[in-house]
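Here is what each chain is made of, one letter per residue.
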There are 2 protein chains.
Amino acid sequence: MTTVKDIAKLANVSVATVSRVLNHTGRVGAETRARVEQIMDEVNFVPNQVARSLYQKKSNLIGVIIPDLENPFYGQIATSIEDELANNGYQVMLSVNTHDDINKYNQSITNFIQNNVNGIISSNFVLRTNLEIPLVLFDAEGTNNSPLRLSSNSRQGGKLAAKALIDGGAKNIVIQHGPLDLANSHARLDGALEVLEHSQCQYHLFEVTDFNYQTAIDQAPKLFDQYHDFDGIIAGNDIHAAALMAVARQRKLSIPKDFQIVGYDNSFISEITNPPLTSVSQSPSTIGKQAALLLLAALAGKTTAKEIINPVKLIKRSTTY
Amino acid sequence: MTTVKDIAKLANVSVATVSRVLNHTGRVGAETRARVEQIMDEVNFVPNQVARSLYQKKSNLIGVIIPDLENPFYGQIATSIEDELANNGYQVMLSVNTHDDINKYNQSITNFIQNNVNGIISSNFVLRTNLEIPLVLFDAEGTNNSPLRLSSNSRQGGKLAAKALIDGGAKNIVIQHGPLDLANSHARLDGALEVLEHSQCQYHLFEVTDFNYQTAIDQAPKLFDQYHDFDGIIAGNDIHAAALMAVARQRKLSIPKDFQIVGYDNSFISEITNPPLTSVSQSPSTIGKQAALLLLAALAGKTTAKEIINPVKLIKRSTTY
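Residues numbered from 1 in each chain as written. Chains lettered and ligands numbered in written order. Predicted model: local features only at pLDDT ≥ 70, side-chain atom pairs only at ≥ 80, totals over all residues. Heavy atoms only, no water.

As recorded in an unreviewed UniProt entry, chain A goes by the name Ribose operon repressor, listed as coming from Lactiplantibacillus fabifermentans T30PCM01.

And the structure:
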C-alpha cells in the first residue's frame, strides 16, 4: 500500500507537507499542492482512514446498537440510520442483539470507544461510564439516560390501542405488555389502563419477556391457556400479534369475531397477517433518520441536549371493528 | 484519556516496554511487567484499539455487507455473523442495503479498506479491485467471485418448489423469479424448469426486480393482472409470497383452493401468514455462522479456498396440498 511517506518521497516534499495537502490545513504553495495532488492521482493513493483518525482524532466511525435485528421494525431503523450517516461520510460499526441485557450494551460501548468511534446511537439503556462523545438514544421515553434522546409517545400509543378495542365493542381485554422496567412498556401500559379504568371493561395483564419472534411463539399459547373469555387483546408488538393470530387459527378462533386484536409498530408484518392487523404506528424510518440527524448536529457542535418525542397514530385494518 | 506514554511515565519505563507488556512480545522482567500492569489497573487503562491496529496491523474489525436489512432472512444472517465474530473478539463494521447495486458493494469495500478491516463477509457481488485480505461471499452459487464462498443448493430448491405444486395437482404454474444475472435466481429457475418440462404442466415466467417488501407489494397485483388461470405460484421468496397472499385475499381468492403457493427461505414470515406458507428452507443462522467460521479459518491461515454448498429442504405447511 502506498503511504504518505511514499508520496512525500515521490513529490520531494516533507511528510508534513503531504499531510497539509491532505487535510487542507496550514500553508502549502499552489505549485507544491498541485504536484502532490498529481502524484497522489498517479499512484491512486487512498488515505488510510486509521492513520487519519489518529492524526485528526476523527475516525468517521459511528457505533450503532440495535437490540434485535430479526425484528423488521429495528431493521428499518438500522437501515435509515446507516443511509443518513453514509450520506454524511460516516461509517457504521454495528452491535446487535443486546435485547435487554445491560451488560451487553455496556460491553458494546467499551468496544466502540476502543475503536475511536466519534459518536454512538443506541436503543435505550443505562450507561455505566462517562462518555466524552455524543450518545443518541432512541426508545428512550421518560428516561434521563442521555441528554440526546428520541422516543415515541408510548402513553398515547397505549391509549389508542385500548380505545380501538373498546370502540369495537370489546368488554374483556388482555393487555400483553413488556417488562415494566422498560420505560416505554410502562408508559404504554399506563396509557391503556387510563382508558380502561374509565370504561366498563374488564381487563387482565399478561407480561412478555421481550419482543422477538422466538419469545412470541413460545408465549402466545400460554396467553390462551391462562385466559378464556377475553374478546380483545392489546398485543406487545406486531410480531406478538402475528404469533397470537397463528395460535388462534390453530384453536379455530376467528378474528375479529371471537376476539379483536391490536398490534404495535405498524411494521410490514401488520400488512401480511390475515386478516390485516390494526396497529399503532411509530415510523421506524423517521426514528432512524432523526437519530442520525441529531447525532450529526451534536458532532457539529450545534446541540448538546435535545429530546424529540414522535407522535403515534392508529392504523385501522381488519382485526378490529 | 490515558495513553501508553502516560503509563510509561508513571511506571518509569520506556514506551517500548509498555508496548511489550501490552502485546506480550519481547523480553520484560517479571517485576517490571507486574509494576506496569498494576499501574494500568490503577488508572483503568483501556488500550486504544486504533493505536494497536497501527502497531499490530490487526484492527479486529470485520466488514460485513448485508443487501437488505428489512428482510428478516438477512437479519438472521447478520445476527449470527455478529454473534460468532464477537465470540472470537472481532467487531463488525456494517454496510447495508446494497441490494443489487454493484457500485454500492465496491464503495463499501473501499470504505472497509480505509478502515483497516481484517476481513470481509458479503452477499455475492463482482469485486472490482484486488483485495489483500480474505473475502467470504454468501449467496454465491455457481460463481467464482471469491475462492471463499457459501451457497445453498438453489437448483435443488427450484426443483423442490415445482415438485410440491405438481404433487398437489397444479396444472398451470406461474414462476416468480429474480433477475437472471443473479446466479442463485438463475439456478432456482433452471431447477424449476427441469421439473416442469418433464411434467404435463403449463408454466409462465414473471420476473421481479428484487426481494424486498416494497417491491413485493408493488409487483404482486401485476402478476394477478397478467395471469388469470393459474393454479400454482412459485414465489420469489417468503416476502413475495406473503404479498401475493395479501392480494389474493383482496381479490377473494382462497388458498390453496384457488391456487397453491410455495415460498422461499423459510423465514418466520412463513409461519405467520394465513394459511401458513409451504416454503423451501435455507437456514439463515447456519449460513451466517458458516460464513463467520470460514473467515476466521482464513484469518488464522488455515484455508485460502473453500466452497460450502448447503442443502435445502421443503417445509410443507398449508398453502399446498
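We are not done yet, so read on.
### A closer look at the relation of the copies chain B and chain A
Taken as rigid bodies, chain B and chain A are interconverted by a rotation of 180 degrees and an axial shift of 0.0 Å, the fit giving an RMSD of 0.1 Å. What we have between these two chains is a two-fold relation. Of every C-alpha in chain B, the one belonging to M93 of chain B sits nearest the axis of rotation, 2.2 Å from it. (Least-squares fit on C-alpha atoms with pLDDT ≥ 70 in both.)

### Examining unusual backbone geometry
With omega at 5 degrees, the peptide bond leading from I255 of chain B into P256 of chain B counts as cis. Looking at the element boundaries, P256 of chain B is found in the loop between α10 (238-250) and β9 (260-265). Between N274 of chain B and P275 of chain B the backbone carries a cis peptide bond, its omega angle lying at 0 degrees. Inspection of the secondary structure puts P275 of chain B in the loop between α11 (269-272) and β10 (278-281). Here the phi dihedral of D265 of chain A falls at roughly 115 degrees; this positive angle occurs in a residue that is not glycine. Within the secondary structure layout, D265 of chain A lies in strand β9 (residues 260-265). Note on D265 of chain A: relative accessible area 6%, which makes it buried. Notably, N12 of chain B is not glycine yet its phi reads approximately 60 degrees, a positive angle. Turning to its location among the elements, N12 of chain B is positioned in the loop between α1 (4-11) and α2 (15-23). (Helix = DSSP H or I, 4+ residues; strand = E, 2+ residues; numbered from the N terminus. Buried < 20%, exposed > 50% of the residue type's maximum accessible area, 1.4 Å probe, protein only.)

### Structural notes on the sheet that holds strand β3 (residues 119-123) of chain B
Hydrogen bonds between backbone atoms are what pair the strands of a sheet, whose relative direction is either parallel or antiparallel. Spatial ordering of the open sheet is given by β11(A)-β5(A)-β4(A)-β3(A)-β1(A)-β2(A)-β2(B)-β1(B)-β3(B)-β4(B)-β5(B)-β11(B), a layout of 12 strands whose pairing is mixed. Both edges of this open sheet fall to β11 (306-310) of chain A together with β11 (306-310) of chain B, since each of them pairs with a single strand only. The mean inter-strand angle of the sheet, taken between neighbouring strand axes irrespective of direction, is 20 degrees. With four bridges joining them, strand β1 (residues 61-66) of chain A and strand β3 (residues 119-123) of chain A adopt parallel strand pairing. By the bridge assignment, I62 of chain A is partnered in β3 of chain A with G119 of chain A. (Pairing = 2+ DSSP bridges. Axes fitted to C-alpha atoms, helices over the stretch in contact; angles between N-to-C directions.)

### Topic: the pattern of salt bridges
Residue and element names in this part refer to chain A. This model, assessed by the stated rule, comprises 16 salt bridges over all chains. Linking D225 and R251 is a salt bridge whose minimum nitrogen-to-oxygen distance equals 3.0 Å. Taken together, the residues D225 in helix α9 (residues 213-226) and R251 in the loop between α10 (238-250) and β9 connect sequence positions 26 residues apart. Since its relative accessible area comes to 48%, D225 is described here as partly exposed. Judged by relative accessible area, R251 falls into the partly exposed class, the value being 37%. (Salt bridge = Lys/Arg side-chain N within 4 Å of Asp/Glu carboxyl O.)

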